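The chain contents come next:
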Amino acid sequence: MVVGAGPAGLTAAIYLARFRRRVLVLGAGPSRASWIPESHNTPGFPHGVGGTDLLARLTEQAHAFGVHIREALVRTLTPAAEGFEISTGARTIRAPAVLLATGVRDRMPELPGIEAAVCRSVVRMCPICDAYEATGKRIAVLGDGGLAQREAAFLRTYSDDVTVIGSGDGRLSFDTAAVRWTPSGDAAPQVFDHLYLALGCEPQTELAVRCGARCDDSGNLTVDPHQMTSVEGLYAAGDVVRGLNQISVATGEAAIAATAMHNRLRGQAP
């Protein structure tokens, strides 16, 4: 059983299916990766790849090896005899091992047009992913406290024109290719090429925590070198595990987890 149909979950499913395991992937709603307009730091795609295209390729590859993918929200995950019991409300499934690839949920500001601005790369969420494409551009960072300051410092590797905007400071609006900030008071409006969000995110750990899995101080699931959580037989990979939210990290952790799951189950019927 794999919970989550993003890059981590689908990669793990492909590995498990190629180990001749029967695999069911349950995903609820669009993957966070679907927000990516075009990634240029995903290995093997020198001309870039969009998030929806990457997910479609991974899904096609998983299907080719016999993976079953279903749209369903997992409501409960409970340790049971010889594994786990998973309930979606409509059905209950038993599995000897489970991988959680449930990701994180971004904290989004309530601004009109922000989702469309993300799709146009005007608003961005990950400077590690795409700051290279913002080299020399006018950049704003939206956020408060240390996170916004650290992100701004990172972005100054790429541009000397970086401004931190407090989350309640003035008004932001978007047009086709730019961000307009109207500060509070009499200050003149400013225009930026990109707005980076430094508002943090919430790891989707509820299922694991209710199972007894431990988290670190940042709320991410803690795992051993084989990606197993503190609950025996429960594994995790991708953004739900660590703060470095990268496709290449997610797929690498998924490969480690899937291999460990297969080795754990060796001797049982695939």
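To start, this report covers the structure provided alongside it. (Residues numbered from 1 in each chain as written. Predicted model: local features only at pLDDT ≥ 70, side-chain atom pairs only at ≥ 80, totals over all residues. Heavy atoms only, no water.)

With respect to the pairing of strand β15 (residues 194-197)
Link 1 in the chain: Of the two faces of β15, the one lined by His194 and Tyr196 and the one lined by Leu195 and Leu197 are each fully buried.
Link 2 in the chain: Across two bridges, the pairing between strand β9 (residues 123-124) and β15 is parallel. If you follow valine 123 over to β15, its bridge partner there is leucine 195.
Link 3 in the chain: Alignment of strand β10 (residues 139-142) against β15, held across four bridges, turns out to be parallel. Note that in β15 the partner of isoleucine 139 across the bridge is histidine 194. (Buried < 20%, exposed > 50% of the residue type's maximum accessible area, 1.4 Å probe, protein only. Helix = DSSP H or I, 4+ residues; strand = E, 2+ residues; numbered from the N terminus. Pairing = 2+ DSSP bridges.)

Some remarks on the pattern of salt bridges
Link 1 in the chain: One pass over the full model with this rule turns up eight salt bridges.
Link 2 in the chain: In this structure, arginine 32 and aspartate 106 form a salt bridge, with 2.7 Å as the shortest nitrogen-oxygen distance. One end of the pair, arginine 32, is in the loop between β2 (24-27) and α2 (51-64); the other, aspartate 106, is in strand β8 (residues 104-106), and 74 residues separate them in sequence.
Link 3 in the chain: By relative accessible area, arginine 32 is classed as partly exposed at 27%.
Link 4 in the chain: Looking at aspartate 106, the relative accessible area reads 22%, which means it is partly exposed.
Link 5 in the chain: The closest approach of N and O atoms between arginine 242 and glutamate 253, which form a salt bridge, is 2.3 Å. Linking arginine 242 in the loop between β17 (234-236) and α7 (247-265) with glutamate 253 in helix α7, this pair joins segments that are 11 residues apart in sequence.
Link 6 in the chain: Overall, the relative accessible area of 34% leaves arginine 242 in the partly exposed class.
Link 7 in the chain: A cluster of three or more residues bridged by salt bridges with shared partners is formed by Arg32, Asp106 and Asp239. (Salt bridge = Lys/Arg side-chain N within 4 Å of Asp/Glu carboxyl O.)

Here we look at the state of the cysteines
Link 1 in the chain: If you walk through the whole model with that rule in mind, you get one disulfide.
Link 2 in the chain: Here cysteine 119 stays unpaired: no disulfide links it, and the sulfur of cysteine 129, its closest cysteine neighbor, is 15 Å away.
Link 3 in the chain: For cysteine 119, a relative accessible area of 55% translates into the label exposed.
Link 4 in the chain: Unpaired in terms of disulfides, cysteine 201 finds its nearest cysteine sulfur in cysteine 126, a separation of 10 Å.
Link 5 in the chain: Judged by its relative accessible area of 26%, cysteine 201 falls in the partly exposed class. (Disulfide = S-S within 2.5 Å.)

Looking at the nonpolar core
Link 1 in the chain: With 31 residues, the main nonpolar core has Val23, Val67, Leu99 and Tyr235 as its most contacted residues.
Link 2 in the chain: Of all elements in the fold, only α1 (7-18), α2 and α7 reach the threshold of two or more residues within this core.
Link 3 in the chain: In terms of residue count, the dominant contributor to this core is α7 (eight residues).
Link 4 in the chain: In contact with valine 23, not counting residues within four places along its chain, are Val2, Ala13, Leu16, Ala17, Val67 and His68.
Link 5 in the chain: Core analysis: the second largest hydrophobic core is formed by 23 residues, Met1, Val3, Cys211 and Val241 among them. (Core = buried A, V, L, I, M, F, W, Y, C linked by side-chain atoms within 4.5 Å. Contact = heavy atoms within 4.5 Å.)

Concerning the packing of α1 against α7
Helices that pack against each other are described as a pair by the angle of their axes relative to one another and the distance between those axes.
Link 1 in the chain: Two elements in contact, α1 and α7, have axes whose closest approach is 8 Å; the angle formed by their N-to-C orientations is 35°. Where α1 crosses over α7, the handedness of that crossing is right-handed. Every residue of α7 that contacts α1 at Pro7, Ala8, Thr11, Ala12, Tyr15 and Leu16 is listed here: Ile247, Ala250, Thr251, Ala254, Ala255, Ala258, Thr259, Met261 and His262. (Axes fitted to C-alpha atoms, helices over the stretch in contact; angles between N-to-C directions. Left-handed = near helix turned anticlockwise from the far one by under 90°.)

Digging into α2
Link 1 in the chain: For α2, with 14 residues, the first-to-last C-alpha span of 20 Å sits near the 20 Å given by 1.5 Å per residue.
Link 2 in the chain: Regarding α2, the residues found buried are Gly51, Leu54, Leu55, Leu58 and Ala62. Taken end-on, α2 shows its buried residues confined to a sector of 95°, consistent with a single buried face. Exposed and oriented more than 90 degrees from the buried face of α2 are Thr52, Glu60 and Ala64.
Link 3 in the chain: Buried residues belonging to α2 abut α1, β3 (68-71) and α7. (Expected span 1.5 Å × (residues − 1). Arc of directions from axis to C-beta.)

Thoughts on the side chain of serine 39
Link 1 in the chain: For serine 39, the position within the fold is in the loop between β2 and α2.
Link 2 in the chain: Owing to a relative accessible area of 8%, serine 39 belongs among the buried residues under this scheme.
Link 3 in the chain: Among the polar contacts listed, one links the side chain of serine 39 to the side chain of asparagine 41, at a separation of 3.1 Å. (Polar contact = N/O pair within 3.5 Å; in protein donor to acceptor, adjacent residues only side chain to side chain.)

Concerning the packing of α1 against α2
Link 1 in the chain: Interhelical geometry of α1 versus α2 gives an angle of 20° and a closest axis separation of 9 Å. Between α1 and α2, the angle is such that the two are roughly parallel. Considering the relative orientation of α1 and α2, their crossing is left-handed. Residues Pro7, Leu10, Thr11 and Ile14 of α1 form the contact with α2, whose own contacting residues are Leu55, Leu58, Thr59, Gln61 and Ala62.
Link 2 in the chain: Each residue belonging to the contact of α1 with α2 can be placed in one class, and the counts come to six nonpolar, three polar and no charged. (Parallel < 35°, antiparallel > 145°, perpendicular 65-115°, else oblique. Nonpolar A, V, L, I, M, F, W, Y, C, P; charged D, E, K, R; others polar.)

Read these as geometric descriptors, not functional statements.
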